[in-house]
Amino acid sequence: MHKFEFKKNPILWLEDAHFINDIYTGMLNPIMPFIAAKLSISMAFATIILSLSHIFSSLLQPIFGFFADSMVKRVFIFWGLLFTSIFISIAPAADNVYVLIFCIILGSLGSSLFHPQALGFVVKFADTDIAKTMGIFIAMGSIGFSFGPLISAFVTQFWGLSHMPILCIPGIVLALLMFKFVPKLSADLSVNNKMKFVSAFKDILINNKLKILIFIAILKTLITTSCSILMPFLWKSLGYRPFYIGCVLFGFIFAGGVGSFLSRSFEKKVGTANIFYISMISTLPLMIVFALTYRDFPIISNVIFVIIGFITMLAQPVTMVMAQNVLPQYKSIIGGFINGFSWGVVAIFMSAIGFVAQAKGIIPVLLVVSCIPVIGSSVIKKLFVQE
């Protein structure tokens, strides 16, 4: 009976798919310094390539979210997972930079297809506490994202980059299972079949509360992306092996998943506004401690780095649910803005950040980046004045 219920519970399959999909999206960051060394490209250019990955996996999510809200077919979650698993797995084995970029773009587009529709389906299938269900769904993605560095770093160090393509198998298998067990929706469950593209985006972008929430999501994503992309290059320069880098990134992102999972409980204890303040202000003092300890006290610095991951993601589910509740008819589009567009915007700036980090140093750049959410936290009070 329990097995039957598992097969019939679409939320479980969506959570599993989110976990697997985000394993692939997390695989490139820790091994990019070694891919760059193999292909003889600089850190700045490698940062641009990783930025392209985030742009194509994130910036287009609101657009795909529009089509996901306008249709009830499962095509995006199915093909999205297939593209992500196949092309991201192939990319590290590329023998020239053009094949690398081509595979990364296609794999990233797969993730961009998957996320908005999956977020919209979670809301449609959730039957009790939507905030709790969303927190678990986001946590599964974050935990999967954390396993990506661990898996790719292990394969890179012990088997070599050429063996990475074999990792596509779990994604292909789960995509086929998800297509079988995530049910088709009846046409009347889609409230936006006749939704207009321009009016939908206009409704979202003129809403002051949504603009603030998107801005907050961008600032928190700035911390996560900067740490995930730049820190592997710092550790490689200190002589650390791929699996070491993968383990630390695993801790950082896994802690973010735990933060997402516990988000609802923290919100009930300290209040929604304080969750935002804690998530945005605490990063700076933690980054200062990291900067003071990373050379002489690596264990302490790694613990601090993991705590940064936890704190940064603590408010993510709260941000998502609050945003989707503002205009519930656009759940997938808004999911695309919070979960995708924010990453895409940051990715555009990461290209410049990579060049500055190469010229001025990674630690000074991360310290400056950590100041930005502290300054931006001034908008939180405006968010609650409008309620």
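Within the protein chain, the regular secondary structure consists of 19 helices and zero strands. Against the globule reference of 21 Å for 387 residues, the protein chain gives a C-alpha radius of gyration of 20 Å, in line with a compact fold. For the protein chain, the C-alpha atoms occupy an extent of roughly 60 × 45 × 45 Å along the three principal directions. Counting all 387 residues of the protein chain, 60% fall into the buried class. In the protein chain, 87% of the contacts between residues at least 6 apart in sequence involve partners at least 24 apart. A total accessible area of about 15,600 Å² is found for the protein chain, and carbon and sulfur atoms account for 71% of it.

Counting through the fold element by element, Pro33 comes out in helix α3 (residues 28-39). Exposure remark for Pro33: the relative accessible area of 3% places this residue in the buried category. Not counting the four nearest positions on each side in its chain, Pro33 is found in contact with Pro232, Phe233 and Lys236.

Most of helix α16 (residues 316-326) sits inside the fold, with nine of its eleven residues counted as buried. Taken together, the buried positions of α16 are Gln316, Pro317, Val318, Thr319, Met320, Val321, Met322, Ala323 and Gln324.

Moving on, we get to the nonpolar core. Met134, Leu230, Phe276 and Phe305 are the most contacted members of the largest nonpolar core, which totals 121 residues. The dominant element in this core, judged by the number of residues it contributes, is helix α11 (residues 208-237), at 17 residues. Sequence-distant contacts of Phe305, that is, excluding residues within four places in its chain, are made with Cys227, Met231, Trp235, Val248, Leu249, Phe252 and Phe290.

So, on to the packing of aromatic side chains. Counted according to the given criterion, the structure contains 16 aromatic pairs. For the ring pair Phe154 and Phe158, a centre distance of 4.9 Å and an interplane angle of 45° mean the geometry is tilted. Pair noted here: Phe154 and Phe158 are both in helix α8 (residues 130-158), with a separation of four residues, about one helical turn. Ring plane angle 65° and centroid distance 6.0 Å describe the contact between Phe158 and Phe243, whose orientation is recorded as edge-to-face. With a gap of 85 residues between them, Phe158 in helix α8 and Phe243 in helix α12 (residues 242-270) connect regions that are remote in the sequence. Among the aromatic side chains, those forming a connected cluster through ring pairs are Trp235, Phe252, Phe290, Tyr294 and Phe305.

Mapping Ser112 onto the fold places it in helix α7 (residues 97-125). You can call Ser112 buried: its relative accessible area is 0%. Along the backbone, Ser112 and Ser162 are 50 residues apart, and their C-alpha atoms lie at a distance of 26 Å. A polar side-chain atom of Ser112 sits 3.5 Å from the main-chain carbonyl oxygen of Phe56.

Here α8 is 29 residues long and its end C-alpha atoms lie 42 Å apart, about the 42 Å a rise of 1.5 Å per residue gives. Two residues or fewer after α8 comes Gly160, characterised by a positive phi angle close to 105°.

The next thing to look at is the environment of Cys227. Considering the arrangement of structural elements, one finds Cys227 in helix α11. A relative accessible area of 0% places Cys227 in the buried class. C-alpha of Cys227 to C-alpha of Ile362: the two residues are 135 residues apart in sequence and 9.5 Å apart in space. The residues touching Cys227, leaving out its near neighbours within four places in the chain, are Pro232, Phe252, Met287, Phe305 and Leu366.

By the element assignment, Thr319 lies in helix α16. A polar atom in the side chain of Thr319 sits 2.7 Å from the backbone oxygen of Ala315. Ignoring any residue separated from it by four or fewer positions in sequence, one finds Thr319 in contact with Leu213, Ala217, Lys220, Phe276 and Ile338.

Okay, the confidence of the model for the protein chain next. Taken over all residues, the pLDDT of the protein chain has a mean of 86, while the share at 70 or more is 91%. Looking over the protein chain, one finds the lowest element-wise mean pLDDT in helix α1 (residues 2-8), namely 47, and the highest in helix α14 (residues 283-293), namely 96. Note on residues 1-6: pLDDT is under 50 here. Beyond four places in sequence and across chains, it has three contacts. Overall, residues 187-194 carries pLDDT values under 50, and its contacts beyond four positions in sequence, including any with other chains, amount to 13 contacts.

Where α3 meets helix α4 (residues 43-59), the axes come as close as 10 Å, and the angle between the chain directions of the two elements is 145°. Our pair here, α3 against α4, has a crossing hand that is right-handed. Facing Leu28, Asn29, Met32 and Ala36 of α3, the residues of α4 in contact are Ala46, Ile49, Leu50, Ser53 and His54. In the contact of α3 with α4, the residues fall into six nonpolar, three polar and no charged.

With that settled, the discussion passes to the side chain of His18. Along the polypeptide, His18 turns up in helix α2 (residues 10-25). Other than its neighbours up to four places away in sequence, His18 contacts Phe114, His115, Phe137, Ile138 and Gly141.

This brings us to the pattern of salt bridges. Think of it this way: side chains of opposite charge can pair up when their charged atoms draw near. What the rule picks out here adds up to one salt bridge. Arg264 serves as the salt-bridge partner of Glu267, at 3.2 Å between the closest nitrogen and oxygen. Residue Glu267 and its partner Arg264 are both found in helix α12; the two are separated by three residues, about one turn of the helix.

Rules and cut-offs
- Residues numbered from 1 in each chain as written.
- Predicted model: local features only at pLDDT ≥ 70, side-chain atom pairs only at ≥ 80, totals over all residues.
- Heavy atoms only, no water.
- Helix = DSSP H or I, 4+ residues; strand = E, 2+ residues; numbered from the N terminus.
- Rg over C-alpha atoms; globule rule 2.2 N^0.38 Å.
- Buried < 20%, exposed > 50% of the residue type's maximum accessible area, 1.4 Å probe, protein only.
- Contact = heavy atoms within 4.5 Å.
- Areas by Shrake-Rupley, 256 points an atom, 1.4 Å probe, with all protein chains shown as cover.
- Core = buried A, V, L, I, M, F, W, Y, C linked by side-chain atoms within 4.5 Å.
- Phe/Tyr/Trp six-rings, centres within 6.5 Å; stacked < 30°, edge-to-face > 60°.
- Polar contact = N/O pair within 3.5 Å; in protein donor to acceptor, adjacent residues only side chain to side chain.
- Expected span 1.5 Å × (residues − 1).
- pLDDT = per-residue confidence, 0-100.
- Axes fitted to C-alpha atoms, helices over the stretch in contact; angles between N-to-C directions.
- Left-handed = near helix turned anticlockwise from the far one by under 90°.
- Nonpolar A, V, L, I, M, F, W, Y, C, P; charged D, E, K, R; others polar.
- Salt bridge = Lys/Arg side-chain N within 4 Å of Asp/Glu carboxyl O.

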